[in-house]
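Below are the chains, spelled out letter by letter.
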There are 2 protein chains.
Amino acid sequence: MIATNAIQFALQGDMFHCPIKGEFEYLSDALILIDLNGNIAATYQPFDAEYALARDELKLAGKLTELTKGQYLLPGLVDLHCHAPQWPQAGKGLDLPLYDWLQNYTFPLENRYTDLDFAKEVYGDVTKTLLANGTTSAVYFASIHREPTELLAQTCLDVGQRAFVGKVNMDNAEQCPDYYREASIEKALYETELFVNNVFSLKGNDSGLVSPVITPRFVPSCTPTMLNKLGELVQKYDLHMQTHCSESDWARDYSQTQFGKTDIEIYADAGLLNNKSVLAHSIFLTEKDVEMIKRYNAGIGHCPLSNMFFANAAMQTRELLDHGVQIGLGSDIAGAPSPSIFRAAFDAVSHSRVREEGVDVKLSASDRGTAGSRVSFIEAFWMATTGGAQVLDSKTGVFAKHYHFDAIVLETNKDVGNLRIWPDFDTPKDILEKIICLAQKENIKRVWVQGKQVV
Amino acid sequence: MIATNAIQFALQGDMFHCPIKGEFEYLSDALILIDLNGNIAATYQPFDAEYALARDELKLAGKLTELTKGQYLLPGLVDLHCHAPQWPQAGKGLDLPLYDWLQNYTFPLENRYTDLDFAKEVYGDVTKTLLANGTTSAVYFASIHREPTELLAQTCLDVGQRAFVGKVNMDNAEQCPDYYREASIEKALYETELFVNNVFSLKGNDSGLVSPVITPRFVPSCTPTMLNKLGELVQKYDLHMQTHCSESDWARDYSQTQFGKTDIEIYADAGLLNNKSVLAHSIFLTEKDVEMIKRYNAGIGHCPLSNMFFANAAMQTRELLDHGVQIGLGSDIAGAPSPSIFRAAFDAVSHSRVREEGVDVKLSASDRGTAGSRVSFIEAFWMATTGGAQVLDSKTGVFAKHYHFDAIVLETNKDVGNLRIWPDFDTPKDILEKIICLAQKENIKRVWVQGKQVV
């Protein structure tokens, strides 16, 4: 006898998740029970003693949904790095050098968000598009403006997406254009702290679905005072923090030239690092940087597709995973064009393969790449789900008791998208790899966040 | 007054194409007239004298279709390298080394096609899926079996795809498994020549929509006698030829070790090269190879995504384009998982960017990559359309009089896929780049081949 009254609904079907890095679990015809708060009450497999009874009682109570064959339940995806205001720019100007891309496209675009109608249109579309692509948790950079950023937070609540939203801080007159820069440090800090408190008290945010994030853009765009003051806010409220970290040769050199320190050293000294920090990119890390990231239990938002265009090199993903650094994935809209974290997982593999093999035909095979540096598809999917959730200190990404039920249903039947399963000769591992390689928006049939169906 | 009787139908709307490598043309609110044979009779722009009258008369005759705003007419895409029988394997086993992948997955799978029911199911799905992804011309490797390969050719005719289909030849006992190898050279040649003639005389193939292709798998799988005899067939009928060329370190070394020649030298000596040859991959080319490819006016099928996994290096796409070598794109199903040539175009850019920047963070920026080796999005789209058509010596890929009307309609309105156009601040170049970056099957609303709507 189970307490069906305490169960909101249950699902029966084939499920995949990756509780352990590098491994996957396939739960065939399993049962997952969601409680009234949207958390997982239990999971049962057919060989469990409770399975048959629970299934029958929930069915009788009208609370059981059975997935059809060819549908798979997966944890929702986590996007650790998305510039929401850059959404209209996705896929545009990627042939440009980063500086031109920022000055000619990005900053003028981000500055448009004082127009709240425009903000409403874009933020409504980007949050819904990410959800439709299976992203149940998203970490957003917004713009430097408080009100439009609060609108983004409210939009996430309205569409039902778990979100981590930051008002961008940038005040360094040497690196930021006059028209798109904080008026003063005092004003910036006042607005940022107000933003934090306003997000906590947003109507409908009692369960904390949306969290504020302290968001210094990156070292070159912030004065040291700004970074230190933002660090104080992180400590005062124990907040999430997101920023760019050692993304390119130029960014790495800037910190060394100006401050004689690495980005990680600068962020640590400013008090910005904690167990919920998201360090986007993190390409040019020193050994000491890696140790510091681990000591703070901070995490990396790996954005492989953007790295191919703007990072000047490949992340040392293999070594960082092996060192036990927390890593998840990011779309980096619009440094990369795709809002799909399935795509990011695929690209994490392919960029690691290119790193392993190298690129230059003129070199001998032994000199061309970095042997043993590949990342597996299963590791990539772990990053897209469990890994990303760990970076955020969020109880999602795994189908286990007390975890929030953030999940998606993948449809692999013919005529839908490009993903094809052949039951006669595809193993569960083959099926999961095919999903990672080929799942696209068309294949995502349902999405739940905190037990609420939102797609 | 135009001869509306000689016009099958006309389309009015916004169009893109790339007649010249590295450039694009945007035809705003243009008119394109298709004759009774499915060829382009004329294209008019609003400033042309004939535009208004032609438009009015065709509308009156009920032969005009107007695209809506946000829809764009593009030339159909050309896939120069697709292993049709590997379709069930797309996205599977890509973590394996190439040898294991071939022996454990590919060869056993290709050998299943003697089962004509299985062949019918897979070939029906792969041809329709490619069409739905916008691929109006496809160059297929089938399996070593004649009858199933004829079934593939017939399927292409049935679904209305322009196709170039080859029965694979592989007879080298040292490199091919016993169960998946030609019984004898004599039998193989008899079957191959029979296949060629049977495809030419397929019912419904009077217009030559489907062409036979001589298809030696690659140097290691063929004996020299086989290659020479296949070369005689190419010359006798002036046929298309497809094969793999210098794809990896191993393949390059095999030819040198066994024959003291490059792949190109071997193919040329065997009489296999002409102006319709498709050389898939072509990663490790010598300067002499490049000159020979140009002399024969042969072409390269560039498969960037597959290269990331299996080629050991990046193609020298920049230099080959600059040398005027004919190049188009291939999906390389299932050495890469995606059937989308939009994806191949994007990956041609991203792999070239990784080549330009390099991958190894431990090297200085100046030693890391190959400066100036990037390929632009517009060049990639040229390869996906005009370039691919030129490789095949096919009058498609451009909206110009007497060209076959192979075309697709891209839908960019909201809620469809992930592609978003913002008319207020996207230029035509931005729009085309966004399409290349983000178009997926969902966005492809109509497809025509030879003037016939097939999707």
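Rules and cut-offs
- Residues numbered from 1 in each chain as written.
- Chains lettered and ligands numbered in written order.
- Predicted model: local features only at pLDDT ≥ 70, side-chain atom pairs only at ≥ 80, totals over all residues.
- Heavy atoms only, no water.
- UniProt positions renumbered as here; feature names shortened; annotations may be inferred.
- Helix = DSSP H or I, 4+ residues; strand = E, 2+ residues; numbered from the N terminus.
- Buried < 20%, exposed > 50% of the residue type's maximum accessible area, 1.4 Å probe, protein only.
- Contact = heavy atoms within 4.5 Å.
- Areas by Shrake-Rupley, 256 points an atom, 1.4 Å probe, with all protein chains shown as cover.
- Lys, Arg positive; Asp, Glu negative; His and termini not counted.
- Charge placed at Lys NZ, Arg CZ, Asp CG, Glu CD.
- Domains from an automatic or database assignment.
- Buried area = accessible area lost by both parts, 1.4 Å probe.
- Salt bridge = Lys/Arg side-chain N within 4 Å of Asp/Glu carboxyl O.
- Polar contact = N/O pair within 3.5 Å; in protein donor to acceptor, adjacent residues only side chain to side chain.
- Nonpolar A, V, L, I, M, F, W, Y, C, P; charged D, E, K, R; others polar.
- Expected span 1.5 Å × (residues − 1).
- Least-squares fit on C-alpha atoms with pLDDT ≥ 70 in both.
- Bend = angle between axes of the 7 residues up to and from the residue.

Chain A carries the name Guanine deaminase in an unreviewed UniProt entry, which gives Vibrio alfacsensis as its organism. Taken directly from UniProt, the Catalytic activity (unreviewed entry) text for chain A runs: "guanine + H2O + H(+) = xanthine + NH4(+)".

Enquirer: Would you mind showing me how to read the overall build of chain A here?
Expert: Looking only at helices and strands, one finds 15 helices and 17 strands in chain A. Taken over the C-alpha atoms alone, chain A extends approximately 65 × 60 × 40 Å along its principal axes. In chain A, which comprises 455 residues, the share counted as buried stands at 67%. Restricting to contacts in chain A with at least 6 residues of sequence separation, those with at least 24 account for 73%. Taken as a whole, chain A presents about 15,100 Å² of accessible surface, with 50% of it coming from carbon and sulfur. Side-chain charges of chain A comprise 41 positive and 58 negative groups, with the mean position of each set lying 3 Å from the other.

Enquirer: Is there a simple way to explain the domain arrangement of chain A in this structure?
Expert: Interfaces are often sized by the amount of accessible area the parts lose when they come together. All names here are of chain A. Looking at chain A, the domain boundaries give domain 1 (4-75 + 398-453) and domain 2 (77-391). A straight line from the C-alpha centre of domain 1 to that of domain 2 covers 30 Å. With 28 residues of domain 1 at the interface, the matching set in domain 2 holds 23 residues. Buried surface at the junction of domain 1 and domain 2, summed over both partners, amounts to about 2,200 Å²; 72% is from carbon and sulfur atoms. One can count one salt bridge joining domain 1 with domain 2. On inspection of domain 1 and its partner domain 2, the count reaches four residue pairs in polar contact (both at pLDDT 80 or more). Of all the elements in the fold, those that place two or more residues in the side of domain 1 that touches domain 2 are strand 5 (71-75), strand 15 (407-411), helix 15 (428-438) and strand 16 (444-449). By residue number, the principal contributor to the side of domain 1 that touches domain 2 is helix 15, which donates six residues. Classifying every residue of the side of domain 1 that touches domain 2 gives 19 nonpolar, three polar and six charged.

Enquirer: It is not clear to me how helix 3 (residues 116-132) of chain A should be interpreted in this structure. Could you clarify?
Expert: The periodicity of an α-helix, 3.6 residues per turn, causes residues three or four positions apart to be oriented the same way. All names here are of chain A. Across its 17 residues, helix 3 extends 24 Å between first and last C-alpha, which sits within 8% of the 24 Å expected from 1.5 Å per residue. When you tally the buried positions in helix 3, you get twelve out of 17 residues, the bulk of the element. Buried within helix 3 we find Phe118, Ala119, Val122, Tyr123, Gly124, Asp125, Val126, Thr127, Thr129, Leu130, Leu131 and Ala132. Check the buried side of helix 3 and you find it contacts strand 6 (77-83), helix 2 (98-110), strand 7 (135-141), helix 4 (146-159) and strand 16. Among the residues of helix 3, the N-terminal cap falls to Asp115, whose side-chain oxygen and the backbone nitrogen of Asp117 are separated by 3.0 Å. Phi for Gly134, located one or two positions after helix 3, is positive at around 95°.

Enquirer: I keep staring at the relation of the copies chain A and chain B and nothing clicks. Help me out?
Expert: Relating the two copies of this chain is a rotation about some axis coupled with a shift parallel to it. For these two chains of identical sequence, chain A goes onto chain B by a turn of 180° and a shift of 0.0 Å along the axis, with RMSD 0.0 Å. A rotation of that kind, with that shift, is consistent with a two-fold axis. Taking C-alpha positions as reference, the residue of chain A nearest the rotation axis is Glu442 of chain A, located at 3.6 Å. When the interface residues of chain A are mapped onto chain B, 100% of them again fall at the interface, so both copies present the same face.

Enquirer: In this structure, what is going on with helix 14 (residues 377-391) of chain B? I would like to understand it.
Expert: All names here are of chain B. Taking the largest bend as the criterion, helix 14 deviates by roughly 45°, centred on Met383. Burial analysis of helix 14 places 14 of its 15 residues in the buried class, the great majority of the element. Asp393 sits one or two residues past helix 14 and shows a positive phi near 60°.

Enquirer: What exactly am I supposed to notice about the pattern of salt bridges here?
Expert: Side-chain pairs of opposite charge can arise whenever the charged atoms involved come near each other. Scanning all chains against the criterion turns up 58 salt bridges over all chains. Of the charged contacts, one joins Glu182 of chain A and Lys167 of chain A as a salt bridge, the two residues approaching to 3.2 Å between their closest N and O atoms. Taken as a pair, Glu182 of chain A in the loop between strand 9 (168-169) and helix 5 (185-200) and Lys167 of chain A in the loop between strand 8 (162-166) and strand 9 lie far apart in primary sequence, 15 residues in all. As far as burial versus exposure is concerned, Glu182 of chain A and Lys167 of chain A are alike and both buried. With its nearest N and O atoms 3.1 Å apart, the salt bridge here joins Glu433 of chain B to Lys429 of chain B. On the criterion of helical spacing, the pair formed by Glu433 of chain B and Lys429 of chain B is a turn pair, its members being four residues apart in helix 15 (residues 428-438). Exposure remark for Glu433 of chain B: the relative accessible area of 2% places this residue in the buried category. One network of salt bridges, in which partners are shared, links Arg55, Asp56, Lys59 and Glu66 of chain A.

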